Amino acid sequence: MLILLAAVSFAEEVEEVEAPGEDDMFWVGGGVAIRPGFAADTFSLGGELEADLLVQKGMFGARLDLDFQGTVLPDLAITEAAPNVVPINMVRPEWAMLEATGESWAARGGIVNAGFGLEDWDDRALYLPTHGEYYALSPGRMAGSEFGWTFGDDGPTVTIGGGLDLDWEAPIVEANVNVEGDVAATWSGVAVYPADGMYSAVLGAELYPAEFLTLALGGMTGVVGENGYGTLSLYGVFLPEAIVNPTVRVEGAFDPGGAFVFEAGDEPLSPWAVSAGGAIVPTDYMKFLVEAKVMGTADEPAGGVYASFCFFTPDPADDDDAEGE
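All values derive from a computational prediction rather than experimental measurement.

A count of helical and extended segments in the protein chain gives 2 helices and 17 strands. A total of about 16,600 Å² of accessible surface is found on the protein chain, and carbon and sulfur atoms cover 63% of it.

What follows is about the side chain of Asp24. Along the polypeptide, Asp24 turns up in the loop between β1 (16-17) and β2 (25-39). One polar contact links Asp24 to Lys57, side chain to side chain, over a distance of 3.1 Å. A polar contact is formed between the side chain of Asp24 and the backbone nitrogen of Gly58, at a distance of 2.9 Å.

So, on to the environment of Pro268. Summarising the element assignment, Pro268 is placed in the loop between β14 (244-254) and β15 (272-283). Taking C-alpha positions, Pro268 is 7.5 Å from Asp255, a pair spaced 13 residues apart along the chain.

The next thing to look at is unusual backbone geometry. One non-glycine residue, Glu169, lies in the positive phi region at around 55°. You can see Glu169 is positioned in the loop between β8 (157-165) and β9 (170-180). In this model, Leu239 sits at a positive phi of 55°, which is unusual for a non-glycine residue.

Two side chains with opposite charge may pair up if their charged atoms get near one another. With the rule as written, the count across this model stands at 12 salt bridges. The closest approach of N and O atoms between Arg35 and Glu48, which form a salt bridge, is 3.8 Å. Taken together, the residues span a long stretch of sequence, with Arg35 in strand β2 and Glu48 in strand β3 (residues 42-57) at a distance of 13 residues. There is no split in this pair, since Arg35 and Glu48 are both buried. In this structure, the salt-bridge partner of Asp123 is Arg35, at a minimum N-O distance of 2.8 Å. Of this pair, Asp123 sits in the loop between β6 (105-112) and β7 (142-150) while Arg35 sits in strand β2, and the two are 88 residues apart along the sequence. Here Asp123 matches Arg35 in class, with each residue buried.

A cluster of nonpolar residues, Met59, Phe60, Trp105, Phe147, Trp149, Phe151 and Ile160, forms a patch on the protein surface that exposes about 670 Å² of accessible area. Mapped onto the fold, Met59 is located in the loop between β3 and β4 (60-71). Its relative accessible area of 37% is what places Met59 among the partly exposed residues.

Once that is clear, we can look at the pairing of β3. As defined by bridge partners, β2 adjoins β3 across 15 bridges and the pair is classed as antiparallel. In the sheet register, Arg35 faces β3, and the bridge partner there is Gly46. In this antiparallel pair of consecutive strands, β2 and β3, the connection spans 2 residues, and Ala40 shows a positive phi of 50°.

Right, let's get into the environment of Val192. By the element assignment, Val192 lies in strand β10 (residues 184-193). Along the sequence, Val192 and Ile172 sit 20 residues apart, while their C-alpha atoms lie 5.6 Å from each other. Those residues in contact with Val192 that lie beyond four places of it in its chain are Pro171, Ile172, Val173, Met198 and Tyr199.

Applying the stated criterion across every chain yields a total of 8 aromatic pairs. Plain terms: the ring middles of Trp168 and Phe260 are 6.0 Å apart, the flat faces sit at 40° to each other, and that makes the pair tilted. Taken together, the positions of Trp168 in the loop between β8 and β9 and Phe260 in the loop between β14 and β15 put the pair 92 residues apart, joining distant regions of the chain. On the basis of relative accessible area, Trp168 is assigned to the partly exposed category, the value being 22%. Taking the centre distance of 5.9 Å and the plane angle of 65° together, the rings of Phe288 and Phe311 count as edge-to-face. Taken together, the residues Phe288 in strand β16 (residues 286-295) and Phe311 in strand β17 (residues 302-312) connect sequence positions 23 residues apart. Classification of Phe311 as buried rests on a relative accessible area of 4%.

Turning to the nonpolar core, a few remarks are in order. Residues Leu118, Tyr127, Tyr229 and Phe260 are the most contacted members of the largest nonpolar core, which totals 27 residues. Secondary structure elements with two or more residues in this core: β5 (90-101), β9, β10, β11 (198-210), β12 (213-224) and β13 (227-238). Apart from residues lying up to four places away in sequence, Tyr127 is in contact with Leu118, Glu119, Glu206, Ala216, Tyr235, Val237, Thr247, Gly278, Ala279 and Leu289.

Now for the pairing of β10. Counting buried positions along β10 yields 7 of 10 residues, so the element is predominantly enclosed. Where β9 meets β10, 8 bridges bridge the pair, whose relative direction is antiparallel. Note on β10: the bridge partner recorded for Asn178 is Trp187. Hairpin remark: β9 followed by β10, antiparallel, with 3 residues in the connecting loop. Hairpin connection of β10 to β11: 4 residues between the antiparallel strands, including Gly197 at a positive phi of 65°.

Thresholds, definitions, all that
Residues numbered from 1 in each chain as written. Predicted model: local features only at pLDDT ≥ 70, side-chain atom pairs only at ≥ 80, totals over all residues. Heavy atoms only, no water. Helix = DSSP H or I, 4+ residues; strand = E, 2+ residues; numbered from the N terminus. Areas by Shrake-Rupley, 256 points an atom, 1.4 Å probe, with all protein chains shown as cover. Polar contact = N/O pair within 3.5 Å; in protein donor to acceptor, adjacent residues only side chain to side chain. Salt bridge = Lys/Arg side-chain N within 4 Å of Asp/Glu carboxyl O. Buried < 20%, exposed > 50% of the residue type's maximum accessible area, 1.4 Å probe, protein only. Patch = residues over 30% accessible without salt bridge, like charges linked within 9 Å, V, L, I, M, F, W, Y side chains within 5 Å. Pairing = 2+ DSSP bridges. Contact = heavy atoms within 4.5 Å. Phe/Tyr/Trp six-rings, centres within 6.5 Å; stacked < 30°, edge-to-face > 60°. Core = buried A, V, L, I, M, F, W, Y, C linked by side-chain atoms within 4.5 Å.

This is a description of form; function is not addressed.
Spelled out as structure tokens, the structure:
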């Protein structure tokens, strides 16, 4: 309870401060996520603390997003994580970049995250408390630079970049395209790791066939050395604008050569997984996620139950969206 009260207090105390000038901004925010999980007869309790800073002065801006992830209540000896909920004791910047923007272009450098893929790093941006299987395979944080162009008032935005992937510890060249419309949206791209012989296409897309339903698709395909692979996750999100958002996810993977089995002990891609759960969003600074999940393995299906309790400050983009509705 003390953790929850501290999280709510933190969410309410930080605030946005507008600087003089139409495009100027100084914003401080952050959040807390608590992640219990039970699978394979193992209970795990992980968590994340996040601190955010956005600064904009005319055409120049900066962003810092610092995350601490680790085990919660280590005195209870909860150190072994259940599958797909892996608490890692570390402090790492998700973003630490400087940016210059014009009417139709943006250039940024530092530690950045490429704008492709369906799911985000932070739990509050997810449909379910666990990521789709493709997410762990996708490009990570990049120490480098990007340049993007937006064509027309409503996009698309095309971005190219390169540098060192800090999570894969390898040089990367990437390109992505973002389009967000009333009927559909996509955040998709390609990534090349020339030193490791890794080539991949990353898919992220949403379709809005009705007000009560969002269909989402995330996945990856490519080659690692001589081994080809593919993985796909299909989501159905019901009542996406309501307080309760029931969600189902079906996943499949094709990996005959064990593309990501680099050393003894590495697990091959799970051939299938099915999840049911969803989100409860009582306010603009709280989100609760729950999920029951069954995964295919080499032996027999493995089940688990996962949750995430998120308390956070809405970022300026969320505030702008709320004002426009």
